[in-house]
Amino acid sequence: MNEKCCELLKKVIQKEYHNIRLDDMFYNADEFYYQFKVDEQISEKDFNKLEKEIKKLDSNIYFKLLKISGVYYKGNANNEMITRIVGVAFSNQEELNKYLQFLEEAKERDHRKIGHDLDLFCFSDYVGAGLPLYTPRGTIVKDELQKEMEKLCRKYGFQKVSCPSLADISLFETSGHAGKFNEELFRVESPKGHKFVLKPVQCPHHTQIYASKIRSYKELPIRYMESDKQYRAELPGAVGGLSRVYAITVEDGHSFCRREQVKQEVINMCNLIKDFYTRMGLWDQYWVSLSVRDYNHPEKYIGSKEDWDLCEQILKEVSDELGLKAKKCEGEAALYGPKLDFMFKDALGRDIQIPTVQLDFAMPKRFGLFYIDENGEKQTPVMVHRAVLGSYERFLVLLLEQFKGVLPIWLSPVQVNIIPVSLKYHDDYCKKIQQILRDEDIRVEYDDSKEQMGKKIRHSNLMKNPITIIIGDKEKENNLISYRRLGEEKTDTLNIEEFIKFIKKEINKR
RNA sequence: GCCGACUUAGCGUAAUAGGUAGCGCAACUGACUUGUAAUCAGUAGGUUGGGGGUUCGAUUCCCUCAGUCGGCACCA
């Protein structure tokens, strides 16, 4: 159907517009694309007309023109831009409706909408585009994720470190980042003559902690982790929502190990990733990219060909042994080495890269890192870079869109919301419950606004509070707590001690 | 950065073929005190994103800057 519709669109465009200089079409199971260059301006406003013309040619085709945009001809930024129209076609109205409904629902679970509705993060024109501000509620989610992440990483042998946001430019010149990403560095100067760079990555800082002492082969692997902000001067057109920002909170980790340990180290990190995403209930709908060099342009990378060959081979072996079925993607490697990138989907089904494991033989050499081996000789360690959450920003995109804003109770900004049947008669008991739960370190809120109970319940549900407690005469007189879980009709009643036991058990669930 | 669209009160929106703007939710005030998803009444809130231009007059037309969105390109 997509093929047929695309042909029809082409016919209509040729009829309606003149001087078509470039054209190109392709389609897959999901969409069709028609690309062309004409003199006239075409925008989404013309879709109505185009759709009518297509329908005239074939009334049995059910389709929608989705978007129009400029794209570089043949995907090369040196070429001129041409117009692309994207559409989708079905053989009956029902399927089309289903698809349109999916688009509507996707709007509802857009992380930007959820982030706003649930009061998790915001932006300010004063602060600047691409600089997200986490609200108190959003900060709870972020901090809880960090705690969980670090707890798990400690099991895998990581030690937390903490580095400044600034560094002398020479750090990044040595690492190679300044050479490749010169245009993307934020430079910071002072009237006193300081010349710094805001760190765009944490790995060079971590190498210097490694280098602060003489290391023995017995100590390796040494694994550092740090969740901190990095700053990258992205192109303005790339920035949007939490998917791509200038200030990015990266959950970064590096392992310094011996060559013989590399493969096991990569396996450990992949297991760590699997472990975390399984706990989060997100270990599905992913695919893995074996991101290798652009073989035609070796000058884009640092390090020797032999090292690269070996690195790519190791990652391939790990992929095979762990059954990751990694798809080889040329030109997707990092500056210093190939990667295994774990790709997930956003609300609209677009790929987002989140966790990653990267091999790096180059940077330790450039920094002259070494350890003393069994024979008392200096050896260069290998670095394995890894991100599990990736960045907190991008992880939140995945989390909010996959869960439609319904967070597990351990992550929820408010875990328990208390609503009185009557503020007049139940206020004291509600306050008492609130204090007891607070003392138990449960994130509890008490809605003592002068609203109707029904409205408070609705609000509590809209804010996706996992547990809503209702307190009335029955509870007050018998020292009980009645509660409902989000989305359930069933009400349970427990005494206070039982409730605390219950809620703690719920919070500990992963 | 490139192509295109958009920007009206905290949020969601309506309107003007050029004559300074309505509504809903939220907020505030008052009444009501309710047993599981929106009580009633009232009040306040806008230099229609910023700047410039055309015009007797611009929220509407033009330019420009910023921001947002969809793509492209980029992504350590």
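Quick caveat: nothing in here was measured; it's all calculated off a predicted structure. (Residues numbered from 1 in each chain as written. Chains lettered and ligands numbered in written order. Predicted model: local features only at pLDDT ≥ 70, side-chain atom pairs only at ≥ 80, totals over all residues. Heavy atoms only, no water.)

## Focus on the overall build of chain A
Alright, step 1. Each helix and strand in chain A was counted, giving 16 helices and 25 strands.
Alright, step 2. In terms of overall dimensions, chain A has a C-alpha envelope of 80 × 80 × 55 Å along the principal axes.
Alright, step 3. Per-residue burial over chain A gives 50% buried out of 510 residues.
Alright, step 4. Long-range pairs, those at least 24 residues apart, make up 68% of the contacts in chain A between residues at least 6 apart in sequence.
Alright, step 5. Summed over its atoms, the accessible surface of chain A is roughly 25,800 Å², and 48% of this surface lies on carbon and sulfur atoms.
Alright, step 6. In chain A, 80 positive and 81 negative side-chain charges are present, and the distance between their average locations comes to 1 Å. (Helix = DSSP H or I, 4+ residues; strand = E, 2+ residues; numbered from the N terminus. Buried < 20%, exposed > 50% of the residue type's maximum accessible area, 1.4 Å probe, protein only. Contact = heavy atoms within 4.5 Å. Areas by Shrake-Rupley, 256 points an atom, 1.4 Å probe, with all protein chains shown as cover. Lys, Arg positive; Asp, Glu negative; His and termini not counted. Charge placed at Lys NZ, Arg CZ, Asp CG, Glu CD.)

## Details of the side chain of Glu265
Alright, step 1. Mapped onto the elements of the fold, Glu265 is located in helix α9 (residues 262-279).
Alright, step 2. By relative accessible area, which is 2% here, Glu265 ends up buried.
Alright, step 3. Excluding residues within four positions of it along the chain, Glu265 makes contact with Pro221, Arg223, Ser255, Cys257 and Val384.

## Describing the pairing of strand β12 (residues 222-231)
Alright, step 1. Counting buried residues in β12 gives eight out of ten residues, a clear majority hidden from the surface.
Alright, step 2. With two bridges joining them, strand β7 (residues 159-160) and β12 adopt parallel strand pairing. When the sheet's bridge partners are listed, Gln159 is paired in β12 with Tyr224.
Alright, step 3. With ten bridges connecting them, β12 and strand β13 (residues 247-257) associate as antiparallel partners. Counted as the bridge partner of Met225 is Gly253 from β13. (Pairing = 2+ DSSP bridges.)

## What to know about the packing of α9 against helix α10 (residues 305-322)
Alright, step 1. In contact at an axis separation of 10 Å, α9 and α10 are set at 50° when each is read in the N-to-C sense. Considering their axes alone, α9 and α10 lie oblique with respect to each other. Where α9 crosses over α10, the two elements pack in a sense that is right-handed. Contacts between α9 and α10 involve Val262, Lys263, Val266, Ile267, Cys270 and Asn271 from the former and Ile314, Leu315, Glu317, Val318, Glu321 and Leu322 from the latter.
Alright, step 2. Residues of the contact of α9 with α10, tallied by class, amount to eight nonpolar, one polar and three charged. (Axes fitted to C-alpha atoms, helices over the stretch in contact; angles between N-to-C directions. Parallel < 35°, antiparallel > 145°, perpendicular 65-115°, else oblique. Left-handed = near helix turned anticlockwise from the far one by under 90°. Nonpolar A, V, L, I, M, F, W, Y, C, P; charged D, E, K, R; others polar.)

## Re the packing of aromatic side chains
Alright, step 1. As enumerated under the stated definition, the model contains 20 aromatic pairs in all.
Alright, step 2. Between the aromatic rings of Tyr99 and Phe102, the centroid separation amounts to 6.1 Å while the plane-to-plane angle is 40°, which identifies the pairing as tilted. With Tyr99 and Phe102 both in helix α3 (residues 93-108), this residue pair falls three residues apart, about one helical turn.
Alright, step 3. On the basis of an interplanar angle of 85° and a centroid distance of 6.3 Å, the ring pair of Phe121 and Phe123 is categorised as edge-to-face.
Alright, step 4. The class for Phe121 is buried, based on a relative accessible area of 7%.
Alright, step 5. Taken together, Phe276, Tyr277, Trp283, Tyr286, Phe342, Phe344 and Phe395 form an aromatic cluster joined through their ring pairs.
Alright, step 6. Here Lys55 stacks its cationic end above the ring of Tyr62, 4.2 Å away from the centre of that ring.
Alright, step 7. Positioned above the aromatic ring of Phe370, the side-chain terminus of Lys378 is 4.3 Å from the ring centre. (Phe/Tyr/Trp six-rings, centres within 6.5 Å; stacked < 30°, edge-to-face > 60°. Lys NZ or Arg CZ within 6 Å of the ring centre and 35° of its normal.)

## As for a nonpolar patch on the surface
Alright, step 1. A cluster of nonpolar side chains, Tyr126, Val127 and Leu133, forms an exposed patch at the surface whose accessible area comes to about 360 Å².
Alright, step 2. Within the fold, Val127 resides in the loop between β5 (121-122) and β6 (133-134).
Alright, step 3. Of the residues examined, Val127 reaches a relative accessible area of 41% and is grouped as partly exposed. (Patch = residues over 30% accessible without salt bridge, like charges linked within 9 Å, V, L, I, M, F, W, Y side chains within 5 Å. Salt bridge = Lys/Arg side-chain N within 4 Å of Asp/Glu carboxyl O.)

## Focus: the sheet that holds β7
Alright, step 1. The eight strands lie next to each other as β7-β12-β13-β20-β17-β16-β14-β15, forming an open sheet whose pairing is mixed. The open sheet terminates on both sides in strands that have one partner only, identified here as β7 and β15 (327-330).
Alright, step 2. Alignment of strand β16 (residues 339-345) against strand β17 (residues 351-360), held across six bridges, turns out to be antiparallel. Bridge assignment links Met343 to a residue of β17, and that residue is Gln353.

## Thoughts on the pattern of salt bridges
Alright, step 1. Scanning the model with the defined rule gives 41 salt bridges in all.
Alright, step 2. For Asp341, the salt bridge goes to Lys339, with nearest N and O atoms at 3.2 Å.
Alright, step 3. Relative accessible area serves as the criterion here: at 11%, Lys339 is assigned to the buried category.
Alright, step 4. With a closest N to O distance of 3.1 Å, Arg485 and Glu506 form a salt bridge. With Arg485 in strand β24 (residues 480-485) and Glu506 in helix α16 (residues 496-508), the pair connects residues that are 21 residues apart, well separated along the chain.
Alright, step 5. For Glu506, a relative accessible area of 11% translates into the label buried.
Alright, step 6. It is possible to trace a salt-bridge network through shared partners that takes in Arg293, Lys305, Asp309 and Glu312.

## Describing the protein's contact with RNA strand B
Alright, step 1. Surrounding RNA strand B, one finds 53 residues, the nearest of these being Ser69, Pro236, Arg244, Gln452 and Arg458.
Alright, step 2. Sugar plus phosphate: this is where 53% of the atoms of RNA strand B within 4 Å of the protein reside.
Alright, step 3. Here Tyr72 contributes a side-chain N or O atom positioned 2.8 Å from a base nitrogen of RNA strand B.
Alright, step 4. Note that a base nitrogen of RNA strand B is positioned 2.8 Å from one of the side-chain N or O atoms of Glu475.
Alright, step 5. When contributions to the surface near RNA strand B are tallied by element, the ones reaching two or more residues are β3 (62-72), β4 (81-90), α4 (111-117), α13 (423-439), α14 (453-462) and α15 (473-478).
Alright, step 6. Taken together, the residues of the surface near RNA strand B break down into 20 nonpolar, 16 polar and 17 charged. (Near = heavy atom within 4 Å. Polar contact = N/O pair within 3.5 Å; in protein donor to acceptor, adjacent residues only side chain to side chain.)

## Regarding unusual backbone geometry
Alright, step 1. In this structure, Pro221 follows Leu220 across a cis peptide bond, with omega equal to -5°.
Alright, step 2. With respect to the element layout, Pro221 can be found in the loop between β11 (215-216) and β12.
Alright, step 3. Residue Asn19 is not a glycine yet carries a positive backbone phi of 55°.
Alright, step 4. Along the chain, the position of Asn19 falls in the loop between α1 (2-16) and β1 (23-27).
Alright, step 5. A relative accessible area of 41% means that Asn19 is categorised as partly exposed.
Alright, step 6. One non-glycine residue, Asp441, lies in positive phi territory at about 65°.
Alright, step 7. Mapped onto the secondary structure, Asp441 falls in the loop between α13 and β22 (444-446).

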